[in-house]
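Observations on the model geometry
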Amino acid sequence: MATSTESVDLVGDEAATNLARAALFAALVGAFAYVSFPFPLSPAPVTLQVLGVFLAGIYLGPVWGGASLVLYLAAGALGAPVFQGGSAGVGQLVGGSAGYLWSYPIAAALVGAVVHRGTTLRDLDTVGVPTVVGAMTAGTVVIYALGIAGLVLVLDLTATEAFIQGAVVFLPAEAAKVAAAVGIVRSDAIAAT
Amino acid sequence: MTLSYVPGDSLAHRLDPRSKLLVQAGFAAAAYAYTTPRGLAVLSLLAVACLSLAGGGPRDLWTYRAAFPVLAIAPLVAGATLGAPWFRVDRAVTTGLASYRVLLILVVAAGYVRSTPVRDSRAAIQRTVPGKAGQFLGTGVALVFRFLPLLKRDLLTAREAVRARGGGALPVRERMRFVAVAGVNRAFGRADRLGTALNARCFAWNPTLPRLALGPADYPALAVGAGLLAAAVATVV
């Protein structure tokens, strides 16, 4: 074992809890990949991963929410089965769904920044429904814009082809996720914040 | 069946995780730089070699089944046109090659996942990324591996509970809400207990890492990785 002679640099109480929450949320987004709902019009079953991205931004804020999704990507790249259909590996980060995956940290940070109007968390009871819906709409736009850009770059499709294959069929399901997230935020169902 | 670490004594199992990561990066770069039938033929041999050196086989690729439809449909979407000639073969071939290169990168990545325990991956991150960022990534990744199965079970339990109470008749939106609320509450509960436990055990930014050293077998692997990267860079310059 390597021996270290420097003194121990303890992680503070708050940082340790935030790190634990970021890691648990990353694992939750991964676990959401296994819960699929059949959805009318959608060619593939819909999973809750994007909902997890929104909730990470809303409940952890822009900094730790974004950091949480960075952990999700790192863990997936190193072999945790957290990507679509329980897959893993660096390949996914440069494959067909690369654009969607890389957009998650950005979308979570954006949703958090809009909902909390800055980096300090505010009480979610004081946040209006239009702000929450606006934040998630912006997040959805980021996810699909980068997702389509990813398809264009990775699979040599044109933007229109990528839009048809990678966005049109999934957008109705995204609306259902935004509605579900608003329901969660407004219902006080989440105990710890 | 999901792809995960399988204990073993293959060549890939004995390599340092850092050299395996370099090979993957080099392979991905080369696959993007040489997306030609000849280039991909050579890379196919290399990809199969990487996976079999890790003791893996075609069964390991089943885990990527969710990614296959997109890769399979993309060439058809790219080839289809509105109006004559209705289907352009050249466009379909270009996208087909692009799809195939993604498949090859997935094969190589499967070899890494099969042959590398979490502990080694974590040590590789913390030794490569400096400072607190590296510690955050390393610890966080280890925690994700640890808690993923627990949260998966939490979600499945919540889903069973919703179904048992006749929740199947509710709109999808409501079912999503119930499952997500249960998941987030369980995640927060576990995170707060974990945070307290980490503090109680003197969780530090500078823990002692497992030993990681390059062995004789690593030098050829590093050479392959660096060679692939150099070949990819050569096409750009």
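Residues numbered from 1 in each chain as written. Chains lettered and ligands numbered in written order. Predicted model: local features only at pLDDT ≥ 70, side-chain atom pairs only at ≥ 80, totals over all residues.

Chain A is annotated in an unreviewed UniProt entry as Biotin biosynthesis protein BioY of Halorubrum saccharovorum. Turning to chain A, the UniProt annotation filed under Subcellular location (unreviewed entry) states: "Cell membrane". In its Sequence similarities (unreviewed entry) section, the UniProt record describing chain A reads: "Belongs to the BioY family." (UniProt positions renumbered as here; feature names shortened; annotations may be inferred.)

1. Focus: the confidence of the model for chain B
All names here are of chain B. Confidence along chain B averages 89 in pLDDT terms, with 99% of residues attaining 70 or more. Predicted confidence in chain B is weakest over helix H4 (residues 68–79), with a mean pLDDT of 84, and strongest over helix H3 (residues 37–53), with 93. Interface confidence for the predicted complex, expressed as ipTM, amounts to 0.89; the pTM equals 0.90. (pLDDT = per-residue confidence, 0-100. Helix = DSSP H or I, 4+ residues; strand = E, 2+ residues; numbered from the N terminus.)

2. Observations regarding the packing of helix H1 (residues 13–32) of chain A against helix H8 (residues 172–200) of chain B
The N-to-C vectors of H1 of chain A and H8 of chain B enclose an angle of 145°; their axes lie 8 Å apart at closest approach. Handedness of the H1 of chain A/H8 of chain B crossing: right-handed. Here Asp13, Ala16, Thr17, Ala20, Arg21, Leu24, Phe25, Leu28 and Ala31 of chain A of H1 of chain A come into contact with H8 of chain B, specifically with Gly183, Val184, Ala187, Phe188, Arg190, Ala191, Asp192, Leu194, Gly195, Leu198 and Asn199 of chain B. A breakdown of the residues in the contact of H1 of chain A with H8 of chain B according to their chemical character gives twelve nonpolar, four polar and four charged. (Axes fitted to C-alpha atoms, helices over the stretch in contact; angles between N-to-C directions. Left-handed = near helix turned anticlockwise from the far one by under 90°. Contact = placed C-beta atoms within 7 Å. Nonpolar A, V, L, I, M, F, W, Y, C, P; charged D, E, K, R; others polar.)

3. Here we look at helix H6 (residues 159–168) of chain A
Every buried residue of H6 of chain A is listed here: Glu161, Ala162, Gln165 and Gly166 of chain A. Viewed end-on, H6 of chain A has its buried residues packed into an arc of 95°, placing them on one side of the element. Projecting away from the buried face of H6 of chain A at angles above 90 degrees are the exposed residues Ala159, Thr160 and Val168 of chain A. For H6 of chain A, the secondary structure elements touched by its buried residues are helix H5 (129–155) of chain A together with H4 of chain B. (Buried ≥ 20, exposed ≤ 12 C-beta atoms within 10 Å, placed from the backbone. Arc of directions from axis to C-beta.)

4. Section: the interface of chain B and chain A
With 74 residues of chain B at the interface, the matching set in chain A holds 69 residues. Here the element with the most residues in the side of chain B that touches chain A is H8 of chain B; it accounts for 21 residues. A per-class count over the side of chain B that touches chain A returns 47 nonpolar, 18 polar and nine charged.

5. So, the packing of helix H2 (residues 49–77) of chain A against helix H7 (residues 171–186) of chain A
Residues and elements named next belong to chain A. Running from amino to carboxyl end, H2 crosses H7 at an angle of 35°, the nearest separation of the two axes being 10 Å. For the pair H2 and H7, the crossing hand works out as right-handed. Facing H2, whose interface residues are Val50, Leu51, Phe54, Leu55 and Ile58, H7 presents Glu174, Lys177, Ala180, Ala181 and Val185. Here the contact of H2 with H7 is composed, by residue class, of eight nonpolar, no polar and two charged.

6. Focus: the UniProt feature "transmembrane region" (unreviewed entry) in chain A
Residue and element names in this part refer to chain A. Under the UniProt annotation, the feature "transmembrane region" (unreviewed entry) is placed at residues 20–39, 51–74, 94–115 and 127–155. The span residues 51–74 shows a helical share of 100% and a strand share of 0%, and its end C-alpha atoms are spaced 19 Å apart. Across residues 127–155, helical content stands at 93% and strand content at 0%; the span's end C-alpha atoms are separated by 40 Å.

7. Section: the domain arrangement of chain B
Along its sequence, chain B is organised into domain 1 (11–116 + 216–236) and domain 2 (130–200). Here the C-alpha centroids of domain 1 of chain B and domain 2 of chain B sit 33 Å apart. (Domains from an automatic or database assignment.)

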